[in-house]
Amino acid sequence: MAKQSYNPSNIAVIGMEWGDEGKGKIIDFLAEKADVVARFNGGNNAGHTIEVGNNKLVVHLVPSGVMYKNKLKIIGNGLVVDPKVLLGEMKNLDKNKIKITPDNLAVSENAHVILPKHIEEDKKAGGTIGTTARGIGPAYTDKAARIGLKMYELIDDTLFKKRFGDEESYQEYKEYARALKPYITDTSALMNNALDKNYRILFEGAQGTLLDVDFGTYPFVTSSNATAGGICTGLGISPKKVQSVLGVCKAYKTRVGMGPFPTEIMGNTAEKLQKVGKEFGATTGRQRRVGWFDALIGKYAVMVNGIDSIALTKLDVLTAVDKLKICVAYKYKGNIINNFTTNMKILQNCQPVYEEFDGWWDDLTKVRTYDKLPNNAKKYLRRIEELLKVPISIVSVGPRREQTIVTRSEFLF
Ligand code: GDP
Ligand code: IMO
Ligand code: MG
């Protein structure tokens, strides 16, 4: 990717772990200065939370720039779209006085459609890895098998009848098609036009690096490319156009669903983090597993995505933990491993090697400048920067938009 990390005109926002890092919050924060917010992967398996004042909103398909009416939101070709869910989400936004119109939302004609059979199949088969049961995997399977249905086919009466006419839900989906038609367009052309005009663009990732189908903890992953590589294929733009990558990273780690998690913890501290951090999935309500910060994952995400700077979220949740730990290596069969691996055999059987840090007791949720952070919190942040070899540009100390400390503005708009 083109190297231009200083005051870039476009920023990719990428999850560095297993999703739910706080991408929605960070995108909402950055969206004020953006013109376009474009999602490039996933579907309504995502749940991105935005809190402004007393207003809390979770979006699953509509990009997280939604609080700003005049920004163009794009749902790229890399997504799988459940038309019913998208329309429901638009209705819900409308209730919240957020008007979605074809002027502020565009859906790719090449995005694939999630059909009832995909959801059925996911409910049956997804249990083995704990999917969100939204039909995501089966819809991407059909895409790869070249039997999927694209949005442009859904809205074309003749094509749709030919492909779907015999199905029980034909009439229902015809109605969805009618409602969605004005939004469906060539989003690759829109994106390239926005890039040519030097508009400020946020590329919104869903899920995270370790849920990426190629670079994640396969098979406990989702079925799309959640890493920065997915931006180009998911939106139809050249890799030369992506100017900067912001990794969103939780101050501790969480995971929903099954799969290896070397720094996972149980017991009192785990329960505290789950409670204070409200670690329940924004899509399925499942409790998120929690664990210590894992520098191997951090370094891996920096490498795979080319991360220029980090937005570190949920630092406030670590208040009043006596001793904090950061994993700096894995031990496997007596050997030290310094770099993350997607080899399941190693991941499932390794032991984390930790560095320990003194905690802090101050409430961080009202802190607005780096200087006002407790010394022990600063030490923790500095060690993360040192280990990951990437600067932290944003520290998030609460779910609300204003609970955000910008530490290195040169990496942002
Ligand atoms: P996403 O999928 O990456 O957008 O993240 P989710 O919205 O699924 O989960 C992140 C959760 O943490 C949401 O409930 C956010 O409101 C919340 N959150 C985000 N940043 C912070 C933070 O800095 N502190 C606290 N306490 N909560 C945060
Ligand atoms: P956001 O964008 C956290 C997880 C599921 C399951 C695995 C596969 O909010 O960060 P899928 O339904 O995609 O086939 O499930 O991936 N998963 C997520 N976990 N945040 C997400 O999205 C997720 N999307 C999928 O729990 O383990
Ligand atoms: Mg989420």
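Just so you know, these numbers come straight off a predicted model, no measurement behind them.

**Section: helix H1 (residues 23-31)**
Across the 9 residues of H1, 8 count as buried, placing the element largely inside the fold. Residues of H1 that are buried: Lys23, Gly24, Lys25, Ile26, Ile27, Asp28, Leu30 and Ala31.

**What about the pattern of salt bridges?**
Applying the stated criterion across every chain yields a total of 18 salt bridges. The closest approach of N and O atoms between glutamate 175 and arginine 178, which form a salt bridge, is 3.0 Å. With glutamate 175 and arginine 178 both in helix H7 (residues 170-180) and 3 residues apart, the pair spans about one turn of that helix. Given a relative accessible area of 43%, glutamate 175 falls into the partly exposed group. One salt bridge connects arginine 289 with glutamate 264, and the closest N-O pair in it is separated by 2.9 Å. Here arginine 289 is found in strand E13 (residues 289-291), whereas its partner glutamate 264 is found in the loop between strand E12 (253-255) and helix H10 (268-276), with 25 residues between them in sequence.

**So, the coordination of the magnesium ion (ligand 3)**
In this structure, Asp20 (OD) and Gly47 (O) serve as the protein donors to the magnesium ion (ligand 3), at separations of 2.0 to 2.2 Å. Of this pair, aspartate 20 sits in the loop between strand E1 (10-15) and H1 while glycine 47 is found in the loop between strand E2 (36-39) and strand E3 (48-52), placing the two residues 27 residues apart along the sequence. On the basis of relative accessible area, glycine 47 is assigned to the buried category, the value being 10%.

**Regarding the site of ligand 2**
Taken together, 20 residues form the shell around ligand 2, and within it Asp20, Lys23, His48, Thr132 and Thr222 come nearest. At 2.8 Å, a backbone N or O of aspartate 20 approaches an oxygen atom of ligand 2. Interatomic distance of 2.9 Å between a backbone N/O atom of glycine 47 and an oxygen atom of ligand 2. Summarising the interface, the protein chains cover 98% of the accessible area of ligand 2, which totals 550 Å² for the free molecule. Per-class residue counts for the shell around ligand 2 are 7 nonpolar, 10 polar and 3 charged. Among the domains, domain 1 (10-246) and domain 2 (249-411) are the pair contributing at least three residues each to the shell around ligand 2.

Conventions used here
Residue indices begin from 1 for each chain and proceed along its sequence in written order. Just so you know, chain letters begin at A and ligand numbers begin at 1, following the order they were written in. Per-residue local features are limited, in this predicted model, to residues with pLDDT of at least 70; the limit for side-chain atom pairs, both in listing and counting, is 80 or more; totals at the level of whole chains, interfaces and linings are taken over all residues. No hydrogens and no water enter the side-chain calculation; it runs on all heavy atoms of the structure. For each residue, the accessible area found with a 1.4 Å probe, counting protein chains only, is set against the maximum for its type, and the residue is called buried under 20%, exposed over 50%, and partly exposed in between. Only DSSP runs of H or I reaching four residues or more are called helices, and only runs of E reaching two or more are called strands; each is numbered from the N terminus. Put simply, a salt bridge is a Lys or Arg side-chain nitrogen that is within 4 Å of an Asp or Glu carboxyl oxygen. Coordination shells were defined by N, O and S atoms within 2.8 Å of each metal, extended to 3.2 Å for Na, K and Ca; water is absent from the atom set, which can make sites look incomplete. Whether a residue is near a molecule or strand depends on its heavy atoms: it is near if one of them lies within 4 Å of it. In protein, a polar contact means a hydrogen-donor-capable atom and an acceptor-capable atom, both N or O and within 3.5 Å, with residues adjacent in sequence counting only if both atoms are side-chain atoms; elsewhere, any N or O pair within 3.5 Å suffices. Surface accessibility in these figures is a Shrake-Rupley result with a 1.4 Å probe; residues are shielded only by whichever protein chains are displayed. Under this grouping Gly is polar, as are all residues other than the nonpolar Ala, Val, Leu, Ile, Met, Phe, Trp, Tyr, Cys and Pro and the charged Asp, Glu, Lys and Arg. A domain assignment, automatic or from a database, supplies the domain bounds used here.

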